[in-house]
Amino acid sequence: MSQRVLAAEFMHETNTFSVQPTDEAAFRACAFHLAGEIPSAYRGTRTALGAAFEAAGEFGWNLTTPIAAHANPSGRVTDAAFDRIAGEILTDCDGLDGVLLHLHGSMSTRSHDDGEGELLARLRARLGPDVPIMVVLDLHATVTEAMAAHANALIAYRTYPHIDQYERTWQAARLLRRAMAGEIRPSVALARRPILYALDGGRTNSAPMMELLRRGDELERSGRALAVSIHAGFSSADVHDIGPSVAVTVDGDAAGGRAEAESLIEYAWQQRRHSTIHFTPLAEAIAEAGRPDGSGKPLVIADYSDNPGAGAYGDGTTLLRAMIEANVSDAALHAICDPQAVREAQAAGVGAPVTMRLGGKVDPAIGGGPLTVTGHVAAITDGEMILSGPVGGGVRRSYGLSLLLRVGGIDVIVISSNGQAIDLAQFTSLGVDPTRKAIVAVKSMQHFRAAFEPIARKVVEIDTGALCTKDFKNRPYRNIRRPIWPLDEI
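J.: Teacher, can you tell me more about the layout of surface pockets here?
T.: By rolling a water-sized probe across the atoms, one finds the places where empty space is left. By volume, the second largest pocket amounts to about 500 Å³. Along its surface, the second largest pocket is lined by 23 residues, and Q20, C337, S416, S417 and N418 are the ones closest to its centre. Element by element, the count of residues in the lining of the second largest pocket is highest for helix α1 (residues 24-30), at three residues. Class assignment for the residues of the lining of the second largest pocket results in 12 nonpolar, eight polar and three charged.

See below:
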């Protein structure tokens, strides 16, 4: 008989400082597929679930896929949304031989700081101790002892921008096959240090992560570990377990991987001050835009702090205000999240001139308040597109009713459902060719690089003081463990 395997996706990176709760509607606005919808949405894509379908075909599994849900990073997940999505997974557990989950690793709910730990605890209680559970995590997971205890393997992405979910899921699937055959009995050893933020934010082209990944590969090749998972953590989560960690999956008792995990996290501690993130003052970034190098390529300006991919509101106006005041031309910006402005433009109609208060409405004190602009409604779309770049994996994505507002020489993209810039289709779907612009402004910390760095003459990063500012000492942490570096000298 074929083995019955459950594969599911439940992902949210929770910015606990956000005032925007994440309810079921937030998941539905991003991705929410139930069992019958999942094959057509993911089969044949370079995604985690795409890999799960391929593995099931190769290994002869009877694959059940109850749900695939993820929401854009935002505030705590409501208990109702968590229970609904977790419930879809838990009600499909009868007769399982194995489980393959794609989770973020930094989800917090109203009732549980450790959302993934709670999900895995409920799942383990249903399945008992013998059914193997393999978990693929984001590189920015906040890994807890509960997650390590209830999973048989934790496998994090090894790229940032994250372009290897497909490969990591295949790695997890191969371990699952071996575990279900009784060849191995995997367990997880976890190690941490009192660090809030390190490993260069998880940048995998930077020395600390590169070295840790190299050592992890060596451990896996030698057979001393089945999988080595390096997590940079998520600094916008005000939770006890904040910070980087290392999980080493071994065959047998977890104690067998403790020394390796401790050695790797000790290296992270020693390298905790290393950083390649250097912000350009906003005025200097705008001035740089006026100094083209003759390449014909755009200057890419990335607003690190208003990154929706880390839970920022995406409606900050500080960067756009500076571009307008500098009278820049041949520029494009993605995006201002402002559904009210999109509806106003839709009412005016394509081709109409409009004057509106744009952005800055969630919290005007953070990242720039509402900006009064006069522009031309150049396009309105339903926000649907297929992301074809390295991060997109060929999946369909929607950012809700979307607007292209032409303000002087700036094409401003305004969206209804928040999301960071990760794919050129976010511009081209609205009729903007970013490769032909002099300036391309995006709201993203790092993921934009996969698609936008290849088209750029230069990339500059700025911090506009929005919700995801790197100024940790001015963040209102209350629940993290102390002492912790860099808030405390240790």
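J.: Even after reading the chapter, I still don't get the side chain of T16, so can you show me in this structure?
T.: Relative to the assigned elements, T16 resides in the loop between β1 (4-11) and α1. Leaving out residues up to four positions away in the same chain, T16 has contacts with R76, S108, S236, A237, D238 and V239.

J.: Would you mind going over the pattern of salt bridges with me for this structure?
T.: Side chains bearing opposite charge may pair, as long as their charged atoms lie close to each other. Inspection of the entire model under this criterion finds 35 salt bridges. A salt bridge links R178 to E183; the shortest N-O distance between them is 3.4 Å. Among the ionic pairs, R436 bridges to D433, the shortest N-O distance being 3.4 Å.

J.: Could you clarify how one ought to interpret helix α3 (residues 48-59) in this entry?
T.: Think of an α-helix as 3.6 residues a turn; residues three or four steps apart then line up on the same face. Taking 1.5 Å as the rise per residue, α3 with 12 residues should run 16 Å; its terminal C-alpha atoms sit 16 Å apart, in good agreement. Taken together, the buried positions of α3 are A48, L49, G50, A51, A52, F53, A55 and A56. In this structure, the buried residues of α3 make contact with β1, α2 (38-42), β3 (62-64), β4 (67-70), β5 (98-103) and α7 (165-180). Positive phi shows up at G60, right after α3, with a value of about 75 degrees.

The rules behind each value
Residues numbered from 1 in each chain as written. Predicted model: local features only at pLDDT ≥ 70, side-chain atom pairs only at ≥ 80, totals over all residues. Heavy atoms only, no water. 1 Å grid on protein atoms, 1.4 Å probe; cavity = no way out; pocket = protein on both sides within 12 Å on 5 of 7 lines; lining within 4 Å. Points joined across faces, edges and corners; volume = space filled by probe spheres on them. Helix = DSSP H or I, 4+ residues; strand = E, 2+ residues; numbered from the N terminus. Nonpolar A, V, L, I, M, F, W, Y, C, P; charged D, E, K, R; others polar. Contact = heavy atoms within 4.5 Å. Salt bridge = Lys/Arg side-chain N within 4 Å of Asp/Glu carboxyl O. Expected span 1.5 Å × (residues − 1). Buried < 20%, exposed > 50% of the residue type's maximum accessible area, 1.4 Å probe, protein only.

Purely geometric stuff here, so don't read any function into it on its own.
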